[in-house]
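If you want the building blocks of each chain, they are given just below.
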Amino acid sequence: MLGYQNKMLRIDLSNKTYSTEPLNMDWAEKYIGGKGLAIKYLYEELKPGTDPFSEHNKLLLMTGPFTGTPVPCSGKLAIASKSPATGTILDCSIGGHSALKIKYAGYDAVMFEGKLDKPGYILIEDDKIEFKEASDLWGKGSHETETILSAEYGKEASILSIGPAGENLVTMSCINSDYYRQAGRGGIGAVMGSKNVKAIVIIGTGGVKVNDIENTTKRLSEILREDTTSEENMFIYEDGTTAFLEACNDGGILPKRNFSDTTDENWTKYNGEVLLQYRKGKRGCGSCGLGCGNFIKIGDAVCEGPEYESIAVAGPNAGIEDPQAIVKANQVADDVGLDTISAGDVIIYAMEMTEKGIYDFGIRFGDKEKYIEYLKLMAKKEGIGADLALGVKKLSEKYGGEDFAMHVKGLEYPQYEPRGSWGMSLAYAVSDRGACHMRAYAPNDEVFEASIPPYTAEGKGKMVVDLAVYNAVKFSLILCDFWPLGMDRMAELMTLITGKEFTEDDMNEVAMRVIHIARAFNQREGFTRKDDTMPKRLVNEALKSGPAAGQKIPQEAFEKMLDDYYAVLGWNNDGIVPDEILTSL
């Protein structure tokens, strides 16, 4: 199929050697690329029980057939491994330009194996691969690291790097690129750190072949005008994800003070209208038609964003209303290489533990200075930061507070309150990497469009499967989340680029394979229904404020949603993928 380079680069870090091999195109036809193809490779190559921090774990960078073409919103890169935070499969996506550079260097994927004997970085310049010394970069933040490497290799180089958090194997550490883009969840940065890789520098000067380039380019231009940049999609250019703040607050799903309640009457102190007054510029990823990135500078605080998740966790969920502090927290987390969601959730858990008198972590709700200080300590595992770096699950097992420890499988909760969107509790529970809003985004149906009643278990199993099917194929194509294209459009794009006809049914089949194989990976690691859980707070405590006031999720309702979800997918009642499905993968 066209659109692919038909080549994988394997880098043996232990022996400082590399080789190339054909991409498995039989797998590519079944899983496309990105999320799906990356999981397929790791399912086949990682042995069950592999220690995520051992040299036997692998780190895989995966592009897709649209990468490096004019397909709108196709500039993201999938990065996959086994998660050190959860022990599950882990795939993340990162914006910027690194995916395009990998493709232009001649590769569909880059697999890192083994471990460097000392800190280094890898230079990929077309077919030239070099292993470089990085002792002078070790300990530096991602921003300084990228600045130094950009000065050496020029603006045409794309750089993936880790901060101190990744170096110190903090299980909520990120991989950063283009200064402000992150592969953020599940500790993917710690996997890179465990391999002693500080950075990956990519320079690609080639191209990508597509089917019938003249007519394909013409049709892609039409799609960009008629679909991608249609009026209803342009809010993301104007406001970025700050627009979600009002929608979530009005819908009763904006969390407050470690998910103890929702709806903040003071949200206008730090909302998009306030933040965007300080906008200094705009930016989009490679091949982007929407350009969601906003450069914000308030005093000495600067970041691209902040995104909804980062605002919500460092704002209302932490009892902080100062927009400069929220931006500063985002800036510091990016630089030290911490996931703003997980790191923020750990800090707000510590705030509640202190205020309840269970354990004194020395921080209370509203303490904006310590919030920022604790991010730095967590990245270095210094002082109180050494404890906080354990994450919410292990902290609660050590000190208590398990009733309000907001996580699934050890991955901390995103910033959408499920008591206002019951389907979100199911989506978090069954997500393949732990609590994640990117696998099935229930608030869109239950709250924003209000097409499905939010406070019921009825129909939620099928709803979450339908949403997961959509995202599974979208993230295997590696298309941006902010372009709400239909399955028919995805099939059209695959046909245009590859020259092989794809239908909407084909897209659905791909999605089901991806969902099944991700579950099969986790099943092989011992995960079953017992791990598909929701925090006790959602069952025991009713919300006090906002449209969802009085709501909690009965355990029997949650169990029904799980039953229905498994049944729709053809899994057994314990969430096990049956043999007949496994053999088809």
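Source: prediction; values computed, not measured.

Thresholds, definitions, all that
- Residues numbered from 1 in each chain as written.
- Predicted model: local features only at pLDDT ≥ 70, side-chain atom pairs only at ≥ 80, totals over all residues.
- Heavy atoms only, no water.
- Helix = DSSP H or I, 4+ residues; strand = E, 2+ residues; numbered from the N terminus.
- Rg over C-alpha atoms; globule rule 2.2 N^0.38 Å.
- Buried < 20%, exposed > 50% of the residue type's maximum accessible area, 1.4 Å probe, protein only.
- Contact = heavy atoms within 4.5 Å.
- Areas by Shrake-Rupley, 256 points an atom, 1.4 Å probe, with all protein chains shown as cover.
- Lys, Arg positive; Asp, Glu negative; His and termini not counted.
- Charge placed at Lys NZ, Arg CZ, Asp CG, Glu CD.
- Domains from an automatic or database assignment.
- Buried area = accessible area lost by both parts, 1.4 Å probe.
- Salt bridge = Lys/Arg side-chain N within 4 Å of Asp/Glu carboxyl O.
- Polar contact = N/O pair within 3.5 Å; in protein donor to acceptor, adjacent residues only side chain to side chain.
- Core = buried A, V, L, I, M, F, W, Y, C linked by side-chain atoms within 4.5 Å.
- Disulfide = S-S within 2.5 Å.
- Pairing = 2+ DSSP bridges.
- Axes fitted to C-alpha atoms, helices over the stretch in contact; angles between N-to-C directions.
- Arc of directions from axis to C-beta.
- Phe/Tyr/Trp six-rings, centres within 6.5 Å; stacked < 30°, edge-to-face > 60°.
- Lys NZ or Arg CZ within 6 Å of the ring centre and 35° of its normal.

Colleague: Help me get a handle on the overall build of the chain, residues and values and all.
Modeller: Scanning the chain from terminus to terminus reveals 24 helices and 19 strands. Computed over the C-alpha atoms, the radius of gyration of the chain is 22 Å, within 12% of the 25 Å expected from 2.2 N^0.38 for a compact globule of 585 residues. In terms of overall dimensions, the chain has a C-alpha envelope of 60 × 50 × 50 Å along the principal axes. Relative to its 585 residues, the chain shows a buried fraction of 63%. In the chain, 68% of the contacts between residues at least 6 apart in sequence involve partners at least 24 apart. Of the roughly 20,000 Å² of accessible surface on the chain, 47% is carried by carbon and sulfur atoms. Separation between the mean location of the 64 positive side-chain charges and that of the 87 negative ones in the chain comes to 3 Å.

Colleague: Provide a residue-level description of the domain arrangement of the chain, including the pertinent values.
Modeller: Here the chain is described as being made up of domain 1 (8-203), domain 2 (239-420) and domain 3 (421-446 + 454-585). For domain 1 and domain 2, the distance between their C-alpha centres works out to 26 Å. At the interface, 35 residues of domain 1 touch 37 residues of domain 2. Among the residues of domain 1 in contact with domain 2, M172, Y180 and R185 are the three that bury the most area, contributing 31% of the side total. Applying the counting rule to domain 1 against domain 2 returns two salt bridges. Measuring nitrogen to oxygen at the nearest pair gives 2.5 Å for the salt bridge that ties R181 to E304. The interface formed by domain 1 and domain 2 holds 16 residue pairs in polar contact (both at pLDDT 80 or more) in total. Looking at the side of domain 1 that touches domain 2, the elements with two or more residues in it are α4 (142-153), α5 (164-167) and β11 (181-183).

Colleague: Describe the environment of I94, listing the residues and the values that go with them.
Modeller: Its place among the elements puts I94 in strand β5 (residues 89-94). Residue classification places I94 among the buried residues on the basis of a relative accessible area of 1%. Expressed as a C-alpha distance, the spacing of I94 and G366, which sit 272 residues apart in the sequence, is 31 Å. In contact with I94, other than residues within four places in its own chain, are G75, K76, L77, I79, L160, I175, N176, S177, R181, Q182 and A183.

Colleague: I'd like a description of the pattern of salt bridges, backed by residues and values.
Modeller: What the rule picks out here adds up to 48 salt bridges. D339 is the salt-bridge partner of R185, the closest N and O atoms lying 3.0 Å from each other. Of the two residues, R185 sits in the loop between β11 and α6 (188-194) while D339 sits in the loop between α12 (323-336) and α13 (340-356), which places them 154 residues apart along the sequence. The same class applies to R185 and to D339, which are both buried. A salt bridge links E222 to R219; the nearest nitrogen and oxygen atoms lie 3.0 Å apart.

Colleague: Lay out the nonpolar core in plain terms, naming residues and giving numbers.
Modeller: Counting residues in each nonpolar core, the largest one holds 151 residues, and the members touching the most others are L338, Y371 and Y565. Beyond its immediate sequence surroundings of up to four residues, Y371 is in contact with V313, A314, A318, I320, A329, G344, I347, M351 and I363. Membership of the second largest hydrophobic core comes to 30 residues, among which are L90, C92, V110 and M192.

Colleague: Report on the state of the cysteines, specifying residues and quantitative values.
Modeller: All told, the structure shown has zero disulfides when counted by the stated rule. Between C248, a free cysteine, and C436, which holds the nearest cysteine sulfur, the sulfur-to-sulfur gap is 15 Å. For C248, a relative accessible area of 0% translates into the label buried. Among the cysteines around C288, which has no disulfide bond, C73 carries the closest sulfur, lying 4.7 Å off.

Colleague: Account for the sheet that holds strand β7 (residues 120-125), with residues named and values stated.
Modeller: Across the sheet, six strands lie side by side as β8-β7-β12-β9-β10-β11; this open sheet has mixed pairing. For this open sheet the edge positions go to β8 (128-133) and β11, each flanked by a neighbour on one side alone. Between one strand axis and the next, the sheet turns by 20 degrees as a mean value, whatever way the strands run. Bridge analysis of strand β9 (residues 158-161) against strand β12 (residues 197-203) gives four bridges, and the strand direction is antiparallel. By the bridge assignment, S158 is partnered in β12 with I202.

Colleague: Any chance you could break down helix α7 (residues 213-228) for me, citing the residues and the numbers?
Modeller: Considered for burial, the residues of α7 that qualify are T216, L220, I223, D227 and T228. Down the axis of α7, the buried set is contained in an arc of 65 degrees. They therefore lie on one face. Opposite the buried face of α7, at more than 90 degrees from it, the exposed residues are E214, K218, R225 and E226. Looking at the buried side of α7, the elements it contacts are α20 (487-498).

Colleague: Quick one: what's the story with the packing of aromatic side chains, residue by residue and with numbers?
Modeller: Overall, the coordinates contain 19 aromatic pairs when judged by the stated rule. Judged by centre distance (5.2 Å) and plane angle (85 degrees), the rings of Y416 and Y441 are edge-to-face. Taken together, the residues Y416 in the loop between β19 (411-412) and α17 (422-430) and Y441 in the loop between α17 and α18 (443-448) connect sequence positions 25 residues apart. As far as the burial class goes, Y416 and Y441 line up, both buried. In this arrangement the basic side chain of K282 is found over the ring face of Y237, its NZ or CZ atom lying 4.4 Å from the centre. Note that K500 overlies the ring of F502, its terminal NZ or CZ placed 4.8 Å from the centroid.

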